[in-house]
Amino acid sequence: MAESTLKLPNEAAVPKENRIGLKALDYQGGKSTLCAGCGHDAVSNQIVRAFYEMNVKPEKVAKFSGIGCSSKTPAYFLGRAHGFNSVHGRMPAVATGAMLANHHLISIGVSGDGDTASIGLGQFMHLVRRNIPLIYIIENNGVYGLTKGQFSATADEGSKLKTGVVNDLPPMDLCALAVELGCGFVARGYAGDPKQMVNILKAAVAHDGLAVIDVISPCVTFNNHDGSTKGYAYSKEHDELLHQIGFVQSYEQIEIDYEPGTVREVTLHDGSRLLLKKLEEDYDPSNAVQALQRSHKAIEDGAMLTGLIYLRPEKKSFISLLNMSDKPLWSLTEAETRPPKEALDQIMRELM
Amino acid sequence: MPDSMTATAVLDEPLTGAASIVNDCTIHVATVNGSGSMSSNSVLMRSIFQMGVPVSGKNMFPSNIAGLPTWFTIRANKDGWIARKKEVDIMVCMNASTAREDVEALQPGAVCIYDAPLACKGIREDVTFFAVPFAKLAGELSQDSRLRKLLTNMIYVGIVAERLGIDRDEIINAIGKQFKGKKKAIDPNVAAIDKGIEYARENLPKQHHWRIERMNATAGKIIIDGNAAAAIGAMFGGCTVVTWYPITPSSSLCESLIDYMKEYRIGPDGKATFAIVQAEDELAAMGMVLGAGWAGARSLTSTSGPGISLMAEFAGLGYFAELPGVIWDIQRVGPSTGLPTRTAQGDIFEVYYLSHGDTQHIALIPASVAECFEFAGEALDLAEMFQTPIFVLSDLDLGMNNWMSDPFVYPTKPYRRGKVLDAKQLEELGGKWGRYLDVDGDGIPFRTLPGTDHPMASYFTRGSGHDAHARYSEKPSDYKATVDRLAKKHETAKQFVPPPVIDRRADAKVGFIAYGTTDVALEEARHQLRSEHGVETSYLRLRALPLTADVKAFVEAHERVYVVEQNRDGQMGDLIRLDVGDIQHKLRKILHYTGLPCDARSITDSLLQMENDGTRVVRIGLGAEATTQTIGED
């Protein structure tokens, strides 16, 4: 199996301090209360690393979640950022409201397959439709962990619970759904492949608009046995890479010299670049039809398709469509938001 | 169809009594929904207003776009009593499907103007009938069938206006206002008015029983509905984030707000100082409001009962995690879909205790369009001061009907943004603070906003158990401390919510308690009791929840207190019973819940009967006689 990450020339080692003078420790959160070996903890570490390497000041970040094991994790990374563990399936609304109040925030939401694909499916779809600037991570393990192992709507057909119960409903592919609804950034990662996830996360930070990241994140307690299709062993075996991913910061002077036609380069909102190296087939992530075809095929093949599934960085975010004041709305003063007395007088005259 | 029916009006008998009644009449118009009668009814109402006569207009419409029956009632009253009145003086029958019941409901002596083919005449003897060939008259105005339908409505305005003696100039002015100066719309409507006036002059008797004569009681006043008033208040109150999901009767609040914000809230840079989002449902609307409030915006949403039900879970989060946000509930008749286009005050319990667990919310209750304006700003302040959802309980009658008012007063009180620590203050505190610490002893903690540039600014917001430092906790002592502090915060709110308006009469043995739109009918009922029966009453008008100590003092000071409200169970009455405890035997309930606004006569009759026979609960019926029923209350 190929490497998921593209080795870049002149790549510097990760420094002990990032460009804004913070250490990786400054990006840590509280101690996790999840099961030892939980995929979600791996993802939390990947988030820490991506934000550290992207030089994001944690104070500028707002973290959101719904309810479930995954939704507990915002307490376990970026402790210096405000966090909001909201209600089941309704994190998109809360994050939307917060972004309207303060569009300078860098927002990250963590949800799960139950939180997104079942109770929160409606809000998820409207979040995609609105294209709110938010990194939306679905820590997908196919089961409800916190309520002790019931199937979720992403469980694969034929997969087995520990109790032997077989799922006979088809899985919901949240990436394909996001593509269908026009999301500008859709990726799938695997908690057991940190390099790939960190690159995806960095690209998501660089993206302006909603970034949906479905990450297969095994539940060691309820869905990591023989017959489960979202455990570590199964995932590793069925990981199907769309491409090798490389991420180059906007300020990095890295010269790239690849064989023509083998690497696609996508410039992101902040000027950084994504490099996608062709593997077996040429995959164009700006082609929604190809993205859907590939996603459907993966389900038929029982494969776990990972990589940048769909990417349209130019898509306008909801914030830019609203033509809001550059100053965050929350910070507007009375002088800026209370029209003068003449305005009220005029309105009153019209009603006389 | 016989010629006599279509060509001329029929007057069978002269009107009784020669004396005219001046500036005191009720006009009831029955039409088919979707026929465009709203514009013409508004013109009629406004022309009376412009004659200087106090007036109100109430639209009783169906949940339907076109085809079902709809009614509009205009009441003109020189003394300013503008509550709904049951007795109709002038009826305009334009709807075949309701003509018979419309006529049957009239009181003897009323006048009925009807579309000639409806053949109302003959249904009864004690009403004066005027048949008008509307189709023929409209046909003389236009060949366009759709326009003819609209002009038909304006013709009856001309006829009624002529009967009442309203100046033609004032009708023309009202048309100009209604159609915003657009000549293309104004001209045919003026022609229709003239057609109606001319027809009435030539065909109806010269004698006019009800008259509108010029007076000076409306100069300088405005006409507006409560939803638009709330929108203006929210705009001047510094609202920045608005989320909503369409629902009758609340949609026009946010729709008005969109219009006003676009006009008055675009900054010098051409950019909006607001964001308005039509959400996918009320759950999302509420979530967005709380997310925006959490991040520091002055946010609001507007809905009605079914939306409030959907917001229940988020309301609990807002209460427990302490998130600001304003929710307007324009109440309609429930339960379930209920009567979506009719008015009620039935969401008192639902709103006050909304969500699971021990929750209590602060609610403001406006009774007038002026209070809708004032409370809109007040609610935004209270939300930030108390870091909790603030509900505003309006209703369909207030929100969607037109009301006369003094112009709104420009707010000069600075915004109150509540206890928010910024980076500088955190530095001064050495970064030591606790999100849910009650440092001032008022139950209200300090908060920080996301994005605050200080390493100690952050905290974790959650609907699960937490300690004073916002850390996850399941400790019994932490939980109890949290909910006890929330109770203290609710107690503190009593000092800040709008206090009741109390009119205490020294010689009154009985008192009334009411709130919201019941007020207009109640004040008129008090006038009737005083002037017709010599019964003096005190009155306490509630303007907010939680109840303040004034309520118990008021009940203590009277032998009997009648709580009048527009729901079946007497919800506020029960909250008052809980509040006053051992003197609850003094409480009585007068309840009006037909979907129509409460009227004064029903209250007056109920009170007299209850004083006479000791009945404790009266549920007002639809007929002239109030039907009564006693329930097993102590």
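The paragraphs below set out a description of the structure included in this document. Predicted, not measured: the structure shown is a model, and the values here were computed from it.

Conventions and cut-offs
- Counting from 1, residues in each chain are numbered in the order their sequence is written.
- Chain labels run from A onward and ligand labels from 1 onward, assigned in the order the entries are written.
- Per-residue local features are limited, in this predicted model, to residues with pLDDT of at least 70; the limit for side-chain atom pairs, both in listing and counting, is 80 or more; totals at the level of whole chains, interfaces and linings are taken over all residues.
- Side-chain measures were taken over the full set of non-hydrogen atoms in the model, leaving aside hydrogen atoms and water.
- Runs of H or I in DSSP of at least four residues are treated as helices and runs of E of at least two as strands, each being numbered from the N terminus.
- Within these notes, the globule rule equals 2.2 Å times the number of residues to the 0.38 power, and the radius of gyration is based on C-alpha atoms.
- Exposure categories follow from relative accessible area, calculated using a 1.4 Å probe and restricted to protein chains: below 20% of the type maximum is buried, above 50% is exposed, and the middle band is partly exposed.
- In this description, contact between two residues means that some pair of their heavy atoms is separated by no more than 4.5 Å.
- Only the protein chains shown count as cover for residues, with accessible areas throughout obtained via the Shrake-Rupley method and a probe of 1.4 Å.
- We score Asp and Glu as negative and Lys and Arg as positive, and we do not count His or the chain ends.
- A charged residue contributes its charge at one atom only: NZ of Lys, CZ of Arg, CG of Asp or CD of Glu.
- Paired strands are those between which DSSP finds at least two bridges.
- For every element, the axis is a line fit to its C-alpha atoms; helices are fit only across the contacting stretch, and the angle between N-to-C directions ranges from 0 to 180 degrees.
- Each aromatic pair joins two rings of Phe, Tyr and Trp (for Trp, the six-membered one) with centres within 6.5 Å, and gets the label stacked for planes under 30 degrees apart, edge-to-face for over 60, and tilted for any other angle.
- Here, a charge over a ring means that NZ of Lys or CZ of Arg falls within 6 Å of the ring centre while also lying within 35 degrees of the ring normal.
- The rule is simple: put a 1 Å grid over the protein atoms alone, call a set of points where a 1.4 Å probe fits but cannot get out a cavity, call an open set with protein on both sides within 12 Å along at least five of seven lines a pocket, and count a residue as lining if it has an atom within 4 Å of a point.
- Grid points are joined across faces, edges and corners, and a volume is the space filled by probe spheres set on the points.
- Residues were grouped as follows: Ala, Val, Leu, Ile, Met, Phe, Trp, Tyr, Cys and Pro as nonpolar; Asp, Glu, Lys and Arg as charged; and all remaining residues, including Gly, as polar.
- Domain ranges listed in this record stem from an automatic or a database domain assignment.
- Working rule for angles: under 35 degrees goes down as roughly parallel, over 145 as roughly antiparallel, 65 to 115 as roughly perpendicular, anything else as oblique.
- Helix crossings fall into two classes, left-handed where the near helix is turned counterclockwise from the far one by less than a right angle and right-handed where it is turned clockwise.
- As used here, buried area is the combined drop in accessible area, with a 1.4 Å probe, of two parts when they are placed together.
- Here a salt bridge means any side-chain nitrogen of Lys or Arg lying within 4 Å of a carboxyl oxygen belonging to Asp or Glu.
- Polar contacts, as counted here, are pairs of nitrogen or oxygen atoms within 3.5 Å of one another; within protein the pair requires one atom able to donate a hydrogen and one able to accept it, and residues that are adjacent in sequence qualify only if both atoms are side-chain atoms.

Counting its secondary structure elements, chain A contains 12 helices and 13 strands. What you see for chain A is a C-alpha radius of gyration of 21 Å, in line with the 20 Å of a compact globule of 352 residues. Each principal axis of the C-alpha distribution contributes one length, and for chain A these read about 75 × 50 × 40 Å. In chain A, which comprises 352 residues, the proportion classed as buried is 57%. Within chain A, residue pairs in contact and separated by at least 24 positions form 72% of the contacts whose partners lie at least 6 positions apart.

A few words now on the overall build of chain B. Scanning chain B from N- to C-terminus turns up 21 helices and 25 strands. In terms of overall dimensions, chain B has C-alpha extents of about 90 × 65 × 40 Å along its principal axes. Taken across its 634 residues, chain B has 61% of its residues classed as buried. Here the analysis covers contacts within chain B between residues at least 6 apart in sequence; of these, 75% occur between residues at least 24 apart. Entry remark: accessible area of chain B is about 23,100 Å², with carbon and sulfur atoms responsible for 52%. Across chain B, the 66 positively charged side chains and the 80 negatively charged ones have centroids separated by 2 Å.

We now examine the sheet that holds strand E11 (residues 263–267) of chain A. All names here are of chain A. As summarised here, the arrangement of the three strands in space is E10-E12-E11, forming an open sheet in which the pairing is antiparallel. Taken across any chain shown, the strands that pair with only one partner, and hence form the sheet edges, are strand E10 (243–248) and E11. Direction aside, the axes of adjacent strands within the sheet are offset by 20° on average. Where E11 and strand E12 (residues 273–278) come together, five bridges link them in antiparallel fashion. Within E12, the residue paired with Thr267 across the bridge is Arg273. Relative to the sheet, helix H7 (residues 194–206) contacts E10 and E12, its axis offset from that of E10 by approximately 50°.

The next point concerns the packing of aromatic side chains. Overall, the coordinates contain 12 aromatic pairs over all chains when judged by the stated rule. Summarising the aromatic geometry, the rings of Tyr352(B) and Tyr353(B) are spaced 4.9 Å apart at their centres and angled 55° between planes, so their arrangement reads as tilted. For Tyr352(B), a relative accessible area of 7% corresponds to the buried category. You can call Tyr353(B) partly exposed: its relative accessible area is 35%. Ring pairs connect the aromatic residues Phe64(A), Phe84(A) and Trp294(B), which therefore count as one cluster. The ring of Tyr251(A) carries Arg19(A) above its face, with NZ or CZ at 3.6 Å from the centroid.

Let us now look at the layout of surface pockets. A water-sized probe rolled over the atoms picks out the places where empty space is left. All names here are of chain B. Of the volumes computed, that of the largest pocket is approximately 1,500 Å³. As for the largest pocket, its lining consists of 47 residues, and the residues nearest its centre are Ser42, Gln178, Lys180, Asp225 and Asn402. For the lining of the largest pocket, the residue count by class is 17 nonpolar, 21 polar and nine charged. If you count residues domain by domain, the lining of the largest pocket takes at least three from each of domain 1 (3–211) and domain 2 (224–405).

A few words now on the sheet that holds strand E20 (residues 510–515) of chain B. Residues and elements named next belong to chain B. Ordered by their spatial adjacency, six strands build an open sheet running E19-E21-E20-E23-E24-E25, and the pairing between neighbours is mixed. Strands at the two margins of the open sheet, each flanked by one partner only, are strand E19 (501–503) and strand E25 (617–619). Neighbour-to-neighbour, the strand axes of this sheet turn through a mean angle of 15°, independent of strand direction. In this sheet, strand E23 (residues 560–565) lies alongside E20 in parallel orientation, the contact comprising four bridges. Residue pairing across strands places Phe512 opposite Tyr562, the latter belonging to E23. Contacts from helix H19 (residues 549–556) reach E19, E20, strand E21 (537–542), E23 and strand E24 (587–591) within the one sheet, and its direction differs from that of E21 by about 165°. Against the sheet, helix H21 (residues 600–613) touches E20, E23, E24 and E25, its axis set at about 145° to E24.

Take the packing of helix H5 (residues 145–164) of chain B against helix H7 (residues 183–203) of chain B next. All names here are of chain B. Closest axis-to-axis distance for the H5/H7 pair is 7 Å, and the angle between their directions is 45°. Between H5 and H7, the crossing angle belongs to the class labelled oblique. Between H5 and H7 the crossing geometry is right-handed. Together, Leu151, Met154, Ile155, Val157, Gly158, Ile159 and Glu162 of H5 and Pro188, Asn189, Ala192, Ile193, Lys195, Gly196, Ile197, Tyr199, Ala200 and Arg201 of H7 make up the contact between the two elements. Tallied by class, residues from the contact of H5 with H7 come to 11 nonpolar, three polar and three charged.

Our focus in this paragraph is the interface of chain B and chain A. On the side of chain A, 56 residues touch chain B, which itself brings 72 residues to the contact. Across the chain B to chain A interface the summed buried area is about 5,200 Å²; carbon plus sulfur atoms make up 64%. The largest contributions to the chain B side of the interface with chain A come from Tyr264(B), Tyr410(B) and Phe460(B), which together make up 12% of the buried area. The tally of links from chain B across to chain A stands at three salt bridges. A salt bridge links Lys271(B) to Asp326(A), with the nearest nitrogen and oxygen atoms 3.0 Å apart. One can count 28 residue pairs in polar contact (both at pLDDT 80 or more) joining chain B with chain A. Listed by contribution, the elements that provide at least two residues to the side of chain B that touches chain A are helix H2 (37–50), strand E9 (222–225), helix H8 (226–236), helix H9 (251–264), strand E11 (275–278), helix H10 (282–294), helix H12 (312–321) and strand E18 (460–462) of chain B. The leading source of residues in the side of chain B that touches chain A is H10(B), at seven residues. Taken together, the residues of the side of chain B that touches chain A sort by class into 40 nonpolar, 19 polar and 13 charged.

Let's shift gears to the packing of helix H3 (residues 91–101) of chain A against H10(B). In a pair of packed helices, the angle between the axes and the distance between the axes together describe the arrangement. With their axes 6 Å apart at the nearest point, H3(A) and H10(B) run at an angle of 45° to one another. Comparing the axis directions of H3(A) and H10(B) gives the class oblique. The two elements H3(A) and H10(B) cross, and the hand of that crossing is right-handed. The residues of H10(B) that touch H3(A), namely those facing Ala93(A), Val94(A), Thr96(A), Gly97(A), Ala98(A) and Ala101(A), are Ala284(B), Gly287(B), Met288(B), Gly291(B), Ala292(B) and Trp294(B). When its residues are assigned to classes, the contact of H3(A) with H10(B) shows eight nonpolar, four polar and no charged.

Let's shift gears to the pairing of strand E7 (residues 128–132) of chain B. Residue and element names in this part refer to chain B. In terms of residue burial, E7 counts as a mostly covered element, since five of its five residues are buried. Burial of E7 is two-sided: the residues Thr128, Phe130 and Val132 facing one way and the residues Phe129 and Ala131 facing the other way are all buried. As paired elements, strand E6 (residues 111–115) and E7 share five bridges and run parallel to each other. The partner of Cys112 across the bridge, within E7, is Phe129.

With that settled, the discussion passes to the pattern of salt bridges. Taken as a whole, this structure holds 65 salt bridges over all chains when the rule is applied. Put simply, Glu280(B) and Arg130(A) hold a salt bridge, and the shortest N to O gap is 2.8 Å. With Glu280(B) in the loop between E11 and H10 and Arg130(A) in helix H5 (residues 121–130), the pair connects residues from two separate chains. Comparing Glu280(B) with Arg130(A) shows no difference in burial state: the two are buried.

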